[in-house]
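Single-letter residue listing:
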Amino acid sequence: MWTSLAALLLLAPLYGQNTSAAPASPAAGQRDGSHDFDFLIGDWKAHVRRLPERLVGSNVWVEYDGISNHHKLLDSNANFEEFDVRSRDGARIKAQTLRLYNPESRQWSIYLVDLDKGTLDLPPVIGGFTGNRGEFYSQEPWKGRAILVRYMWLNESPRSARMEQAFSDDGGKSWEVNWICELSR
């Protein structure tokens, strides 16, 4: 399990600057994760459970169904997601996600994109995969306080994937899962 210190160390490359002209290649024995999200490329059915009231002990979930489509960008290691789901009462969540791989840090940065508002949410969540499990972290403001955010991706099979978002307001000692997205083909 990641500690809050490990999560914060993952954020360090975000604030550094690259002064080299060419991307560094992984040293011998270091894993290249540039294809870790390739399993997502294509079109998926999405089933979402969302906890609207977060970090207040709520257990009332809202469910949504729709699509999650993922495309590589210009045959690179970057990809873009178009996401559109609706609840039974017609509430809609429309979202886009940009994922970028940094070959120097060998980490992914995941950005939420709001095309309607023309904004890119910062900071991104940053991390990588170990096997079929990816963990990505950021520190963000939430209702006037700093919290840790964790995304967990699971590559379950060629026809099944799962993403969870969790918040921690105690430095990573405990996590509240508030978003579960199950993808199927």
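Residues numbered from 1 in each chain as written. Predicted model: local features only at pLDDT ≥ 70, side-chain atom pairs only at ≥ 80, totals over all residues. Heavy atoms only, no water.

**Some thoughts on the overall build of the protein chain**
Thinking step 1. Within the protein chain one finds one helix and 11 strands.
Thinking step 2. In the protein chain, the succession of α and β elements from N to C terminus is α-β-β-β-β-β-β-β-β-β-β-β.
Thinking step 3. Split into buried and exposed, the 185 residues of the protein chain put 39% on the buried side.
Thinking step 4. For the protein chain, restricting intrachain contacts to residue pairs at least 6 apart in sequence, the fraction spanning at least 24 positions comes to 44%.
Thinking step 5. As displayed, the protein chain has an accessible area near 10,300 Å², and 53% of this comes from carbon and sulfur atoms. (Helix = DSSP H or I, 4+ residues; strand = E, 2+ residues; numbered from the N terminus. Buried < 20%, exposed > 50% of the residue type's maximum accessible area, 1.4 Å probe, protein only. Contact = heavy atoms within 4.5 Å. Areas by Shrake-Rupley, 256 points an atom, 1.4 Å probe, with all protein chains shown as cover.)

**Here we look at the layout of surface pockets**
Thinking step 1. Considering only enclosed or pocket space, the largest pocket measures out at about 840 Å³ in volume.
Thinking step 2. The wall of the largest pocket is formed by 35 residues, among which A95, L112, D121, Y151 and Q165 lie closest to the centre.
Thinking step 3. Element by element, the count of residues in the lining of the largest pocket is highest for strand β4 (residues 92-102), at six residues.
Thinking step 4. Partitioned by chemical class, the residues of the lining of the largest pocket number 21 nonpolar, four polar and 10 charged. (1 Å grid on protein atoms, 1.4 Å probe; cavity = no way out; pocket = protein on both sides within 12 Å on 5 of 7 lines; lining within 4 Å. Points joined across faces, edges and corners; volume = space filled by probe spheres on them. Nonpolar A, V, L, I, M, F, W, Y, C, P; charged D, E, K, R; others polar.)

**Overview of the environment of E156**
Thinking step 1. Along the chain, E156 turns up in strand β9 (residues 145-157).
Thinking step 2. Sequence separation of E156 and F39 is 117 residues, and the distance between their C-alpha atoms is 9.6 Å.

**Quick look at the nonpolar core**
Thinking step 1. Judged by nonpolar contacts, the single largest core of 27 residues is most densely connected at F37, L40, F83, F136, W153, C181 and L183.
Thinking step 2. When residues of this core are traced back to their parent elements, those giving at least two are β1 (42-50), β3 (79-87), β4, β5 (107-114), β7 (125-130), β9, β10 (160-168) and β11 (176-184).
Thinking step 3. With four residues, β9 is the single largest residue contributor to this core.
Thinking step 4. Excluding anything up to four places from it in sequence, F136 contacts F37, W108, I110, V125, I126, G127, G128, F129, V149, R150, Y151 and W153. (Core = buried A, V, L, I, M, F, W, Y, C linked by side-chain atoms within 4.5 Å.)

**Things to note about the pairing of β4**
A regular strand places its side chains so that they alternate between the two faces of the sheet.
Thinking step 1. Pairing analysis gives eight bridges linking β3 to β4, with the strands arranged antiparallel. In the strand pairing of β4, F80 is matched with L98.
Thinking step 2. Hairpin geometry of β3 and β4 is characterised by an intervening segment of four residues between the two adjacent antiparallel strands and by a positive phi of about 95° at G90.
Thinking step 3. With seven bridges joining them, β4 and β5 adopt antiparallel strand pairing. (Pairing = 2+ DSSP bridges.)

**Considering the packing of aromatic side chains**
Thinking step 1. Within the structure shown, the criterion is met by 12 aromatic pairs.
Thinking step 2. Taking the centre distance of 5.1 Å and the plane angle of 65° together, the rings of W142 and F167 count as edge-to-face. Of the two residues, W142 sits in strand β8 (residues 133-142) while F167 sits in strand β10, which places them 25 residues apart along the sequence.
Thinking step 3. For F167, a relative accessible area of 5% puts it in the buried group.
Thinking step 4. Taken together, the ring pairs connect F37, F39, Y101, W108, F129, F136 and W153 into an aromatic cluster.
Thinking step 5. Across from the ring centre of W61, 5.8 Å away, lies the NZ or CZ of R49, which sits over that ring.
Thinking step 6. It is R150 that lies over the ring of W175; its NZ or CZ is 4.6 Å from the centre. (Phe/Tyr/Trp six-rings, centres within 6.5 Å; stacked < 30°, edge-to-face > 60°. Lys NZ or Arg CZ within 6 Å of the ring centre and 35° of its normal.)

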